[in-house]
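Examining the three-dimensional arrangement
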Amino acid sequence: MARGLRPNELVDLLNFGRDSDLSSLSSDEEIVEDTENQFASEDEQFEPIEQQILINNDILNEQPLNLTAYNKKKKRNIIWGKTPFSPQVINLTPITEPIYPTTIPNPIDYFSKYFCENDFADMAQYTNLYSEQKNLNNFNKTDSAEMKIMIAIHMLFGVLNYTRSRMYWENKYRINIIANNISRNRFFQLRNCFHVIDNESVSNDNRDKFVKIRPLYNSFIKRCSELPKEKNLCIDEQIIPFKGNLSIQQYIKGKPTPWGIKIFLLCGQSGIVYNSLLYQGSNTNINDFMQKNYGLGGAVVLKLVENLKPNSHNLFFDNFFSSYNLFGCLLKYKIFAIGTIRCNRFCNPPFPKDKELAKMGRGTSFEVSSNHNITLVKWFDNKAVNIGSNFIASGIPIQVKRFDRKEKCSVIIECPEIINLYNKNMGGVDKHDQLVSYYRTFIKSKKWTLRMMFHIFDMAVVNCWLEYKRDAAELSIEPKDVMDWLHFKRRLGESLISVGVPFSPSSKKRGRPSNSPSIINPRKKLVKKVDEKPLEEVKKDSYGHFPEYDDRTEAEMFD
């Protein structure tokens, strides 16, 4: 039994074990042990993961393979040893740095990179088309400017958080920036007809259950894929709250919102989304070959990382995704991974039982490595933690503070470096999900399409704010001048409403006079006059922001 920790060094990729490539199998009964061509040379260009796996799939189609028999036989070839794991040092390729602006952009500038003017024009077109298909005679045709107003108002709903949407138009709780720009009935009319595709163009053999929101999702992913990736990335699942009638609805026990629609996200340590995958059961956009050999979790990981550059990133995920084959495949493509594990997926490594580790005390660790250069570590804190990696073992230990319930005081224990790396870099998806939940768009509609569409807008705004914070830090802007998450989203909503709309500081109340009895002898209050100015991003849009002509004389002005 190994107790204590070993130096942190990185593994040599060229020594990855045998039998890790399915294309090396000649039949389901024999395994060809040939490692000479296992990996590409350093000078050879690596192909995308999905493309390489499809090539292997074509080979397997020529010689049918019993995958179940193969996996069982491959597991028997795993040899777990208690010898020290001695990885070699590998220098990661420097990541591409973002192109920072010379001056800090406005919130609407960030948002327009995710959804451009053409996207809003398409929303207006398909919304008008849907109203015609439903023969809504009282529906006046909308345009892109009105689409922006409707979406911006939903953003403000999340910021202001009234319990009912209609309250924003009531006299007592009226919000002028909302009620003055669109009537209540028109707002709900637009939302009920809101579409981003032509429903009649969907074929009967369509298998994509998210086809009605796919254009918005594609626009969001297109921009995310253009962002420079961080060095440390993580993969986890996100739940969009929804309890309506939907076949792909999920229930995940222990989640803050257990009922909803599942999305898999690839995020950086900062919380920025770089890729995502909508889960829709058997129709999920995953290669069948990958799913059979790596399971659902492993296939999701390979799908999300297919555009990553080799030898540039560290990847972190939990035990839902981890498997022995996945660690081997990622190592082959020079993606270095750490993840919590389920021991039955790793041929039950010779770990001591939890009770034995508990007797040795907190901070005890045990390490085993396989003949394929995959290492597993079991560390005991309040309970046992099993974790695996394809590039690091226990590493250099660090001292961490924990509270001892028996002693009723804090104690210092040793923590393996692999555990520390996982804890520091695994929270990107949770951070993004937390930011979305703070000011989530408030909507009680039972239409899953509306929930999904406004959730995509919320995710885009979170990405915009995180980009804004990154740029502000690079430009050394004072913290007091940097907008927080609340003011950033509010500012974006006001900008989308105001852009292209004539600026009017004081607008008269429309409609007939109220029939309610007036208050007798109301107490007059002195109200301080404040000059209302348009926002900086809409000040120069050449629409309605010109000076007014004043014919008063100088004597009249100072009278």
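Residues numbered from 1 in each chain as written. Predicted model: local features only at pLDDT ≥ 70, side-chain atom pairs only at ≥ 80, totals over all residues. Heavy atoms only, no water.

1. Observations regarding the overall build of the protein
Put simply, the rule is: Runs of H or I in DSSP of at least four residues are treated as helices and runs of E of at least two as strands, each being numbered from the N terminus. Only heavy atoms matter for contacts: two residues are in contact if any of them lie within 4.5 Å across the pair. Exposure was quantified through the Shrake-Rupley algorithm and a 1.4 Å probe, taking into account, for residues, occlusion by the shown protein chains and nothing else.
A tally of helices and strands in the protein yields 16 helices and twelve strands. Within the protein, counting contacts between residues at least 6 apart in sequence, those at least 24 apart form 69% of the total. Looking at the protein as shown, the accessible area adds up to about 30,600 Å², and 47% of this sits on carbon and sulfur atoms.

2. Concerning the confidence of the model for the protein
Heads up, the rule is: Confidence of the predictor in every single residue is expressed as pLDDT, which spans 0 to 100.
On average, residues of the protein carry a pLDDT of 79, and 76% of them reach 70 or more. Helix 1 (residues 49–62) is the least confidently modelled element of the protein, averaging 38 in pLDDT, while strand 5 (residues 273–278) averages 95, the highest of any element. Under a pLDDT of 50 for its full length, residues 1–70 has, in the predicted model, 138 contacts with residues more than four places off or in other chains. Low confidence marks residues 516–527, where pLDDT is under 50. Its contacts with residues over four positions away, or in another chain, come to zero contacts.

3. Looking at the nonpolar core
Proteins that are soluble and globular tend to have nonpolar side chains buried together. The test is simple: Among buried residues, the Ala, Val, Leu, Ile, Met, Phe, Trp, Tyr and Cys ones that are joined through side-chain atoms within 4.5 Å form a nonpolar core. Working definition: with a 1.4 Å probe on protein chains only, accessible area under 20% of the residue-type maximum means buried, over 50% means exposed, and in between means partly exposed.
Counting residues in each nonpolar core, the largest one holds 134 residues, and the members touching the most others are Phe 111, Phe 115, Phe 220, Leu 315, Phe 317 and Leu 330. In terms of residue count, helix 14 (residues 448–474) provides more of this core than any other element does, 15 residues in total. Apart from residues lying up to four places away in sequence, Phe 111 is in contact with Phe 120, Met 155, Phe 457, Ala 460, Val 461, Cys 464, Leu 492 and Leu 496.

4. What to know about the state of the cysteines
Which entries qualify depends on this criterion: Cysteine sulfur atoms that pair up within 2.5 Å are treated as a disulfide.
Overall, the coordinates contain zero disulfides when judged by the stated rule. We note that Cys 267 lacks a disulfide partner, and the nearest cysteine sulfur, in Cys 234, lies 5.7 Å from it. Overall, the relative accessible area of 0% leaves Cys 267 in the buried class.

5. Quick word on the pairing of strand 2 (residues 232–241)
To keep it simple, the criterion reads: Between any two strands, pairing holds if DSSP finds at least two bridges.
Within strand 2, nine of the ten residues are buried, which leaves it mostly tucked inside the rest of the structure. Across three bridges, the pairing between strand 2 and strand 6 (residues 314–317) is parallel. Its bridge partner lying in strand 6, Leu 233 is registered against Leu 315. Of the pairings in the sheet, the one linking strand 2 to strand 4 (residues 259–268) comprises nine bridges and is antiparallel in character. Counted as the bridge partner of Leu 233 is Gly 268 from strand 4.

6. Some remarks on the environment of Ile 240
Within the secondary structure, Ile 240 is located in strand 2. Under the relative-accessibility criterion, Ile 240 is labelled buried at 2%. When the C-alpha atoms of Ile 240 and Ile 263 are compared, they prove to be 7.7 Å apart, with 23 residues separating the residues in sequence.

7. A closer look at helix 4 (residues 117–133)
Side chains that are three or four residues apart share a direction in an α-helix, a result of its 3.6 residues per turn. Just so we agree on the cut-off: Any helix carries an expected span of 1.5 Å times its number of residues minus one.
The terminal C-alpha atoms of helix 4 lie 25 Å apart, and with 17 residues this matches the ideal 24 Å at 1.5 Å per residue to within 8%. Of all the positions in helix 4, only Asp 119, Phe 120, Met 123, Ala 124, Thr 127, Asn 128, Tyr 130 and Ser 131 are classed as buried. Taken together, the buried residues of helix 4 touch helix 3 (107–111), helix 5 (144–160), helix 7 (184–193), helix 8 (214–226) and helix 14. Following helix 4 by one or two positions, Asn 135 adopts a phi angle in the positive range, close to 55 degrees.

8. Here we look at the packing of aromatic side chains
For clarity, the threshold we go by: A pair of Phe, Tyr and Trp rings is counted when the ring centres sit within 6.5 Å of each other, with Trp represented by its six-membered ring. The angle between the planes then sorts it: under 30 degrees is stacked, over 60 is edge-to-face, the rest tilted.
All chains considered together, the criterion is met by 31 aromatic pairs. Ring centres of Phe 157 and Phe 187 lie 5.5 Å apart, and the angle between their planes is 70 degrees; this geometry places the pair in the edge-to-face category. Of this pair, Phe 157 sits in helix 5 while Phe 187 sits in helix 7, placing them 30 residues apart in sequence. Given the relative accessible area of 0%, Phe 157 is considered buried. When its relative accessible area of 0% is taken as the criterion, Phe 187 is described as buried. Ring centres of Trp 169 and Phe 187 lie 5.3 Å apart, and the angle between their planes is 40 degrees; on these two criteria the pair is classed as tilted.

9. Details of the packing of helix 13 (residues 428–438) against helix 14
Note the cut-off: Axis lines are fitted to C-alpha atoms, over the contacting stretch for helices. Their N-to-C directions set the angle, which ranges from 0 to 180 degrees. Here the word oblique covers every angle except those under 35 degrees (roughly parallel), over 145 (roughly antiparallel) and from 65 to 115 (roughly perpendicular). Take the far helix as your reference; a near helix turned counterclockwise from it by less than a right angle gives a left-handed crossing, and one turned clockwise gives a right-handed crossing. Each residue receives one of three labels: charged for Asp, Glu, Lys and Arg, nonpolar for Ala, Val, Leu, Ile, Met, Phe, Trp, Tyr, Cys and Pro, and polar for the others, Gly being one of them.
Axis separation between helix 13 and helix 14 bottoms out at 10 Å; the angle between their running directions is 110 degrees. The orientation of helix 13 relative to helix 14 falls into the category roughly perpendicular. Two packed elements cross with a definite hand, and for helix 13 against helix 14 that hand is right-handed. Here His 432, Leu 435 and Val 436 of helix 13 lie close against helix 14, whose contacting residues are His 455, Asp 458, Met 459, Val 462, Asn 463, Trp 465 and Leu 466. Taken together, the residues of the contact of helix 13 with helix 14 break down into six nonpolar, three polar and one charged.

10. Brief notes about the packing of helix 5 against helix 14
For any two helices packed against each other, one specifies the crossing angle of their axes together with the interaxial distance. Helix 14 packs onto helix 5 with a crossing angle of 75 degrees between their chain directions and a minimal axis gap of 11 Å. Regarding the angle of helix 5 to helix 14, the classification is roughly perpendicular. Of the residues in helix 14, those in contact with Met 150, Ile 151, His 154 and Met 155 of helix 5 are Phe 454, Phe 457 and Val 461. Its residues placed into classes, the contact of helix 5 with helix 14 shows six nonpolar, one polar and no charged.

11. Looking at unusual backbone geometry
The backbone of Asn 161 shows a phi angle near 60 degrees, a positive value even though the residue is not glycine. Tracing the backbone shows Asn 161 in the loop between helix 5 and helix 6 (176–179). Given the relative accessible area of 52%, Asn 161 is considered exposed. Backbone geometry at Ser 476 places phi at a positive 55 degrees, although glycine is not the residue there.

12. Regarding the pattern of salt bridges
Here is the rule: When a carboxyl oxygen of Asp or Glu lies within 4 Å of a side-chain nitrogen of Lys or Arg, that pair is called a salt bridge.
Tallied over the full model, the rule gives 16 salt bridges. As a salt-bridge pair, Glu 146 and Arg 186 come within 2.9 Å of each other at their nearest N and O atoms. Of this pair, Glu 146 sits in helix 5 while Arg 186 sits in helix 7, placing them 40 residues apart in sequence. Arg 186 carries the same exposure label as Glu 146, and that label is buried. For Asp 458, the salt bridge identified is with Lys 489, shortest N-O distance 3.1 Å. Of this pair, Asp 458 sits in helix 14 while Lys 489 sits in helix 15 (residues 485–498); the two residues are 31 residues apart in sequence, bridging distant segments of the chain. Like Asp 458, the residue Lys 489 is buried in the burial classification. In this structure, a network of salt bridges that share partners links the residues Arg 223, Glu 226 and Glu 467.

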